[in-house]
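Examining the three-dimensional arrangement
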Amino acid sequence: MPTVPNRISQKVTHFTESVIREMTRLAFQHEAINLAQGFPNFPAPEEIKKAACQAIQDDINQYAITWGAPGFRRAISDKYREMYDWEIDPERELTVACGSTECMISSILALVNPGDQVLVFEPFYENYGPDAIIAGASPVYISLDANRDWTFDFQELEQKIQDAQSGGGIRALILNTPNNPTGKVFSLEELGKLSELAQAYDFYVITDEIYEHIVYDDHKHYPIALFPGMKDRTITISGLSKTFSVTGWRIGYIIAPEDLTDGIRKIHDFLTVGAAAPLQEAGVKAMQTRGQYYEKLASEYRQRRDYLVDVLQDIGFKVWIPAGAYYIMVEISPLTDLDDVQFVDQLIKNYGVAAVPGSSFYHRPELGRRFIRFAFCKTQEVLREAAERLQRLRD
Ligand code: GLN
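This structure is a prediction, so every number in the text was calculated from the model and none was measured.

**A closer look at the sheet that holds strand β5 (residues 170-176)**
Strand order in the open sheet formed by 7 strands is β2-β8-β7-β6-β5-β3-β4, with mixed pairing between adjacent strands. Edge positions in the open sheet fall to β2 (94-97) and β4 (138-143), since each of these has one partner strand only. Averaged over neighbouring strand pairs, the angle between their axes works out to 20 degrees when direction is ignored. Each of β2, β7 (234-239) and β8 (252-255) is contacted by helix α4 (residues 70-84), which is oriented at about 120 degrees to β2, the strand it contacts most.

**Re the nonpolar core**
Among the nonpolar cores identified, the biggest contains 103 residues, and F203, I235, F317, I372 and F374 are the most heavily contacted of them. A44, Y80, Y84 and A275 belong to the second largest nonpolar core, which has 31 residues in total.

**Description of the pattern of salt bridges**
Once their charged atoms are close, side chains differing in charge can pair, the charge on each being opposite to the other. Per the stated rule, a full pass over the model turns up 24 salt bridges. Between E126 and R21 there is a salt bridge; the shortest N-O distance is 3.9 Å. With E126 in the loop between β3 (117-122) and α6 (128-134) and R21 in helix α2 (residues 19-29), this residue pair connects regions lying 105 residues apart in the sequence. Using a relative accessible area of 9% as the deciding quantity, one classes E126 as buried.

**What about the site of the ligand?**
Around the ligand sit I20, R21, Q37, G38, Y125, N180, Y211, K242, Y327 and R373, and those are all the residues in its vicinity. One of the side-chain nitrogen or oxygen atoms of N180 is found 2.9 Å away from an oxygen atom of the ligand. For the ligand, the accessible surface in isolation is 300 Å², of which the surrounding protein chains cover 87%. Here the residues of the shell around the ligand are counted per class, giving 4 nonpolar, 3 polar and 3 charged.

**Description of the pairing of strand β6 (residues 204-208)**
Of all 5 residues making up β6, 5 are buried, and the element is well covered by its neighbours. Here β6 shows no split at all, with Y204, I206 and D208 on one side and V205 and T207 on the other all buried. When β5 meets β6, the two strands line up parallel, connected through 5 bridges. Residue I174 lies in a different strand from β6, and its bridge partner there is I206. Viewed along the sheet, the connection from β5 through helix α8 (residues 188-200) into β6 turns out right-handed. Bridge count for β6 against β7 is 4 bridges, and the pairing is parallel. Residue pairing in the sheet places I206 in a bridge with I235 of β7.

**Thoughts on unusual backbone geometry**
Omega for the peptide link from E122 to P123 comes to 10 degrees, which places this bond in the cis form. When you line up the elements, P123 lands in the loop between β3 and α6. Going from N180 to P181, the amide bond is cis rather than trans, its omega being 15 degrees. Tracing the chain through its elements places P181 in the loop between β5 and α8.

**Things to note about helix α3 (residues 46-57)**
Spanning 12 residues, α3 covers 16 Å between terminal C-alpha atoms, matching the ideal 16 Å at 1.5 Å per step. Looking at the buried side of α3, the elements it contacts are α10 (277-287). Looking one or two residues past α3, D59 carries a phi angle of roughly 65 degrees, positive in sign.

**Brief notes about empty space enclosed by the protein**
Here the structure, examined in full by the defined rule, presents 2 cavities of 30 Å³ or more. Computed from the structure, the largest cavity encloses a volume of approximately 60 Å³. Lining of the largest cavity is provided by V120, F121, P123, F124, Y125, Y128, I174, L175, N176, N179 and N180. When residues of the lining of the largest cavity are traced back to their parent elements, those giving at least two are β3 and β5. For the lining of the largest cavity, the element with the most residues is β5, which contributes 3 residues.

**Observations regarding the packing of aromatic side chains**
The final tally for this structure, using the stated rule, is 25 aromatic pairs. Pairing F152 with F186 gives two aromatic rings, centres 6.1 Å apart and planes at 45 degrees, and the pair type is tilted. Here F152, found in the loop between β4 and α7 (154-164), pairs with F186, found in the loop between β5 and α8; they are 34 residues apart in sequence, far enough to count as distant. Accessibility classification places F152 together with F186 in one group, the buried group.

**What about the packing of α3 against α10?**
Running from N to C, α3 and α10 point in directions that differ by 145 degrees, and their axes come no closer than 8 Å. Crossing of α3 against α10: the hand is right-handed. Judged by residue contacts, E47, I48, A51, A52, A55 and I56 of α3 engage P278, L279, E281, A282, K285 and A286 from α10. Residues of the contact of α3 with α10, tallied by class, amount to 9 nonpolar, no polar and 3 charged.

**Things to note about the side chain of Q280**
Secondary-structure assignment places Q280 in helix α10. Within the structure, Q280 has its side chain in polar contact with the backbone nitrogen of A69 (distance 2.8 Å). Look past the residues within four positions of Q280 in its chain and what remains in contact with it is A64, G68, A69, F72, V96, I251 and A275.

**A closer look at the environment of A277**
Tracing the backbone shows A277 in helix α10. With 92 residues separating them along the chain, A277 and V185 place their C-alpha atoms 33 Å apart.

So, how was this worked out
Residues numbered from 1 in each chain as written. Predicted model: local features only at pLDDT ≥ 70, side-chain atom pairs only at ≥ 80, totals over all residues. Heavy atoms only, no water. Pairing = 2+ DSSP bridges. Helix = DSSP H or I, 4+ residues; strand = E, 2+ residues; numbered from the N terminus. Axes fitted to C-alpha atoms, helices over the stretch in contact; angles between N-to-C directions. Contact = heavy atoms within 4.5 Å. Core = buried A, V, L, I, M, F, W, Y, C linked by side-chain atoms within 4.5 Å. Buried < 20%, exposed > 50% of the residue type's maximum accessible area, 1.4 Å probe, protein only. Salt bridge = Lys/Arg side-chain N within 4 Å of Asp/Glu carboxyl O. Near = heavy atom within 4 Å. Polar contact = N/O pair within 3.5 Å; in protein donor to acceptor, adjacent residues only side chain to side chain. Areas by Shrake-Rupley, 256 points an atom, 1.4 Å probe, with all protein chains shown as cover. Nonpolar A, V, L, I, M, F, W, Y, C, P; charged D, E, K, R; others polar. Right-handed = clockwise from strand over helix to strand, strands pointing away. Expected span 1.5 Å × (residues − 1). 1 Å grid on protein atoms, 1.4 Å probe; cavity = no way out; pocket = protein on both sides within 12 Å on 5 of 7 lines; lining within 4 Å. Points joined across faces, edges and corners; volume = space filled by probe spheres on them. Phe/Tyr/Trp six-rings, centres within 6.5 Å; stacked < 30°, edge-to-face > 60°. Left-handed = near helix turned anticlockwise from the far one by under 90°.

What follows is the structure, given as C-alpha cells:
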C-alpha cells in the first residue's frame, strides 16, 4: 500500500526512530555484543531489589500520588541536603516521573512554547532533538569541538543567543553533564559562565544529570542549580537508572522551583499518571544509600573505562578519554574509509560487536560521520570478549 503522507502527524516526520534502540535490535539479530545502548549487564544492588519485591508483596501495587510517593520524595530531598547541601521542598519542588527521559520531555512541554528556541550542545543524546520538536520548539545547536577536547566557544554561543533575540530569544538550554556521548564533565568555570548567560539573557537551564555519580580522576560534578542566582531558573533531572543499574525501572525525578513544578506535574500527570509505585518504594532504599557505594561505582566504571580505552587505542581508533558517564567516542578515520553507519554495520555483522554511529548525535549527519560511540557499562568478561572480537580489526 502506498504511504499516505497525512496518516501520521507532521511532527513525527521531523525525526527518525532512535538509532540507539535500532542498534540494540540489530545486535540481538546478529548475536553481537551490545556496546551500543547504554545499559549495565550486571546485577542491581541486592538491598534495592529486595525492597522492590517486598513492596509488591506488601501490595503497594496501585497508583502512587501522581507526582511521586511522599516517602520517596522525602528520601530524595534528604540525599540532596546531605550530598550537595541543597534544601529541596519535597512537597513543592519535586516530581517523580518515568525515567529521566519522561522528566526531560515533561519539563520541556511545561516550560517551552511552540516557536520557542532551545539551546542544545552538539553532539547530543539523541532524545533532545525530538523532545524539542514534540514541544514545537526549534533547537539551536552549540558545537562541542572534538578537536579541542569537547570544549565550546563562548563567543559563538553568545552570538547565537543574540541572533535568537529577533525570534523571541532563547527559552531554555538543555545541559547534560556528565555528558552522553562525549564523556565531557562541564567544568566549574564553564558552568559559571553558562549561568551568567542564563541570567543575562533570561533563559531556563534544564539539566540531565543522570550520570552525576559516574565521574573519573579529578573531575567533579557540579549541579548548575547551585550557582548564584540559578535555583529559580534551573530544572534538575536525575534518577535511579545509572546510579543503581536499574535502567528498566524507569524511575527519574525533577527538581524545580514551585511555580515550574506545578506546570511540570500537570504535564507528567496527563502523560503517564505516575511512575511504578513499588519501584518508588525501592527508590527510598536507593536514596538512603550513603558511604562507599558511590566511590565504588565510579571506581569500577573507571576500571572498565581504562580497559576499553586501551583496547580501542591499540586497535588504532582515535579515542577521547571520557571524564564521566560510561561511553567512549572514537574516531574511525584512522581505520577505515567507510562512514559511521557502514562501519557499525560491518562491526555488528562481521565482528559481532555493536556500537552507535556518530551521526545519530548530530543534527546534520555529515558532522558525525567520523565518529562512533561504545558503551562500557558491561562486566569485564563481556568487555574482554568484545575486545577479542574487535582486535580482529587489526588483521
Ligand atoms: N542512555 C542510554 C544510551 O544513550 C540508553 C538510551 C535509551 O535507549 N533510553 O545508550
